[in-house]
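So the chains spell out like this:
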Amino acid sequence: MNDVLITYGWVRSSYAALRNLAAHGLRVTVSDSHRFGMCQSSRLKSGFVNYPSHYEDEEAFVDAIAGHCKELNVRLLMPSHNETEVLARHRERFPGVLGSLLPDARHCAIFNNKARSYDLADSAGLSTAARISYLDPAELAGSIKAAGIGKTVIKLLTGNSAKGVFYAETPEEAQRTVQRLIREYDLEPSRYPQVEERIYGEGWGCSALYWHGQPITFFCHRRLREKIATGGTSTFRESAHNEQLVQFTAALLGKIGWHGLAMVEYKVCPITGKIWFIEVNPRLWGSIPLAISAGAEFPYLAWLCATEGPDAALKYHQDDRVLMHWRGRWFLGDLMLAATQTLQGKPLQALSTVCSGKTDAFDDLFLDDPLAFVGEILHYGSRFVASRSLNPAEKGMVG
C-alpha cells in the first residue's frame, strides 16, 4: 500500500509535499518524466516511477499514471504542476479517494488562461491591470497610445514562472513583440497575446486549500527577491498576513466554488496599498516550502481532507500557530541569480544575493536529505545542457 503518488517530482514544490507527508509517516511514491530531480534523489520517497510527458502524449501520460496508481495500490493522487489540469480532465480514471484532490478541470482551464482569469477577477470585484483590446496586431501601437499607456506587459495566454511574459517600453515595441509571438506560436485570433498596462508594486501571494467550495485555510507571503527581476519565481520571501488579500482570494475562489490547492498572486502598491490581481496557480506553487515550514501544512491538510474529511483538517490546523515574518529561501535559485548578476557586471549585488539576511528555512538545503539538493542541481544542469536555458519551456507549456 502506498499512501500518496506525487507527480512532477523534480521540482521544489513536489519535494516540499514529499517532506511534509513523510514527516507524518506516510508512504509517498514520486513520479516524473525526467530521470534527475529533487524527489528522485530523496531518501524520503518510498519509490519512483516514470511516465511520458503529458505535453507530448496526454493519453499515454494518463494511462501511465492510472497504471502506477493501480499497481502500487495508491490511496491519493497529488498532482504538482500543469499536469493537474490534464489529470482533472480524466477524473473518471481516478475513482473515490484516489482522485479526490483533483480540482474541476473547467476551473483549471480558467486559471490557466490569462484572459479568462482576468475576466473572472473583474467579475469578483478585484482590480486588474488595464488591458488593450485589439483585432488587428498591425494597429496595436495606435490602440495603446489611444489608451494613454506607455509601458506594457505582453502575456501569452498560457505560461508559468515568467515563461511567456514579455515587457515593452514603447507601444511600437509592444506591437513588434505581439506580431513576433503570433508568428512564432502560430496563434489564432482567439489565442492572441494579452497586452496590459505595466503596473508596479510588491509581489504578494495568498495560498489556499478549499474542499468542495469550503475554505480550509489561507496563507499570505511577501516576495523579497525574485530570480527574474521583472517578475517570476521568488527566491526569498516571508510570511506576512494581509487580510485584504485573504478577502480577495476568498471572493475569487469562492465565486466558482474552487476545490483543491491554489495560490493567487498580487501586486501591492507600497504607498497607496492598492492591490492588483496577477494570476492564479491552480496547483502546488513554488513558495509552498515557506508555508509548510511556517506551519501551514497544505499537503498534509489535503491528505486529511481526502481521507478523514474537512473537519479533521480544520481540527488539526490552527491559524495562530502559523509563524509570521518567517523567511524562506530557495538557495539554488539565489545562486543562479547571483551568477546572472555577476555576468552583468554587478559583483556587489551578487554578493548581497548570496549573503542574504535572516533565513529561517530553505526550499532545497536539508542536512537530513542532502542528495535532494544534488538531484536539483543535476536536473537544472541537464536541462541547461539541452536547452542553454535555466528556465526552459517544453513544447506545449506556453502559447
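Here the structure is shown first, and the text comes after it.
Remember, it's a predicted structure, so these values are computed and weren't measured experimentally.

Cut-offs applied
Residues numbered from 1 in each chain as written. Predicted model: local features only at pLDDT ≥ 70, side-chain atom pairs only at ≥ 80, totals over all residues. Heavy atoms only, no water. Helix = DSSP H or I, 4+ residues; strand = E, 2+ residues; numbered from the N terminus. Rg over C-alpha atoms; globule rule 2.2 N^0.38 Å. Buried < 20%, exposed > 50% of the residue type's maximum accessible area, 1.4 Å probe, protein only. Core = buried A, V, L, I, M, F, W, Y, C linked by side-chain atoms within 4.5 Å. Contact = heavy atoms within 4.5 Å. Pairing = 2+ DSSP bridges. Axes fitted to C-alpha atoms, helices over the stretch in contact; angles between N-to-C directions. Salt bridge = Lys/Arg side-chain N within 4 Å of Asp/Glu carboxyl O. Polar contact = N/O pair within 3.5 Å; in protein donor to acceptor, adjacent residues only side chain to side chain. Parallel < 35°, antiparallel > 145°, perpendicular 65-115°, else oblique. Left-handed = near helix turned anticlockwise from the far one by under 90°. Nonpolar A, V, L, I, M, F, W, Y, C, P; charged D, E, K, R; others polar.

The subject of this paragraph is the overall build of the chain. For the chain, the count of helices and strands is 15 helices and 14 strands. Taking 2.2 N^0.38 as the reference for a compact globule, 399 residues should give roughly 21 Å; the C-alpha atoms of the chain span a radius of gyration of 21 Å, in line with that estimate. Its C-alpha atoms give the chain principal-axis dimensions of roughly 60 × 50 × 45 Å. Buried residues in the chain amount to 55% of all 399 residues.

Another point: helix H11 (residues 298-307). Since there are 3.6 residues in each turn of an α-helix, residues three or four apart along the chain are aligned in direction. The buried count for H11 comes to nine of 10 residues, which makes it a mostly enclosed element. Those residues of H11 lying buried are Phe298, Pro299, Tyr300, Leu301, Ala302, Trp303, Leu304, Cys305 and Ala306. Where H11 terminates, the next one or two residues include glycine 309, which has phi positive at roughly 105 degrees.

Moving on, we get to the nonpolar core. Counting residues in hydrophobic clusters, the biggest one holds 40 residues, and the most contacted among them are Ile6, Met78 and Phe298. When residues in this core are grouped by element, the largest group, eight residues, is from H11. Apart from residues no more than four positions distant in its own chain, isoleucine 6 is found in contact with Ser14, Ala17, Leu18, Leu21, Val28, Thr29, Val30, Ser31 and Met78. In terms of nonpolar packing, the next biggest core, distinct from the first, is built from 26 residues, Ile110, Ala121, Val246 and Tyr266 among them.

Working definition: the strands of a sheet are paired by backbone hydrogen bonds and lie parallel or antiparallel to each other. Pairing is antiparallel across the open sheet formed by three strands, whose spatial order is E6-E5-E7. One side of each edge strand has no neighbouring strand; the edge strands of this open sheet are strand E6 (165-168) and strand E7 (194-197). Along the sheet, successive strands turn relative to each other by an average axial angle of 25 degrees, direction set aside. Relative to E6, strand E5 (residues 152-155) runs antiparallel, the two sharing four bridges. Within the sheet, the bridge partner assigned to isoleucine 154 lies in E6 and is phenylalanine 166. Running at roughly 150 degrees to E6, helix H8 (residues 171-185) makes contact with E5, E6 and E7 of the sheet.

We now examine the pattern of salt bridges. Using the criterion set out here, one finds 23 salt bridges in the structure. A salt bridge links arginine 89 to glutamate 85; the nearest nitrogen and oxygen atoms lie 3.3 Å apart. One end of the pair, arginine 89, and the other, glutamate 85, are both in helix H4 (residues 83-89), four residues apart, so they sit about a helical turn from each other. What makes arginine 89 partly exposed here is its relative accessible area of 39%. For glutamate 85, a relative accessible area of 15% puts it in the buried group. For glutamate 279, the salt bridge goes to lysine 114, with nearest N and O atoms at 3.7 Å. Of this pair, glutamate 279 sits in strand E12 (residues 275-281) while lysine 114 sits in helix H6 (residues 114-123); the two residues are 165 residues apart in sequence, bridging distant segments of the chain. Linked by salt bridges that have partners in common, Glu202, Arg222, Glu238 and Arg327 make up one network.

So, on to the pairing of E12. Across the seven residues that make up E12, a large majority, seven, are buried. Relative to E12, strand E11 (residues 260-268) is paired through six bridges, and the arrangement is antiparallel. Residue pairing in the sheet places valine 268 in a bridge with isoleucine 275 of E12. The hairpin turn running from E11 into E12, its antiparallel successor, is six residues long, and glycine 273 in that turn takes a positive phi close to 80 degrees.

Moving on, we get to the pairing of strand E9 (residues 214-226). With eight bridges joining them, strand E8 (residues 202-211) and E9 adopt antiparallel strand pairing. From the neighbouring strand, cysteine 206 faces E9, where its bridge partner is cysteine 220. Taken together, the five bridges between E9 and strand E10 (residues 234-239) define a ladder with antiparallel strand orientation. Looking at E10, one finds that histidine 221 is bridged to serine 239.

Before going further, it helps to examine unusual backbone geometry. Phi angles above zero are rare outside glycine, and aspartate 186 is one such case at about 50 degrees. Secondary-structure assignment places aspartate 186 in the loop between H8 and E7. The phi dihedral of histidine 212 is positive, around 50 degrees, even though this residue is not glycine. Considering the arrangement of structural elements, one finds histidine 212 in the loop between E8 and E9.

Moving on: the side chain of asparagine 242. Along the polypeptide, asparagine 242 turns up in the loop between E10 and helix H9 (243-256). Within the local environment of asparagine 242, its side chain forms a polar contact with the backbone nitrogen of glutamine 244, the two atoms lying 3.1 Å apart. Residues in contact with asparagine 242, not counting those within four places in the same chain, are Trp204 and Cys220.

Bringing the packing of H6 against H9 into the picture now. Put simply, H6 and H9 touch, their axes get as near as 9 Å, and they point 110 degrees apart. Put simply, H6 runs roughly perpendicular to H9. Each of Leu120, Ala121 and Ser123 in H6 lies in contact with H9, whose residues at this interface are Leu252, Lys255 and Ile256.

Contact geometry of helix H13 (residues 331-343) with helix H15 (residues 371-387) gives a least axis separation of 11 Å together with a crossing angle of 40 degrees. Taken together, the axis directions place H13 and H15 in an arrangement best described as oblique. When you trace H13 past H15, the crossing you get is right-handed. The residues of H15 that touch H13, namely those facing Phe331, Leu332 and Met336, are Phe373, Glu376, Ile377 and Tyr380. Across the contact of H13 with H15, the residue classes tally to six nonpolar, no polar and one charged.

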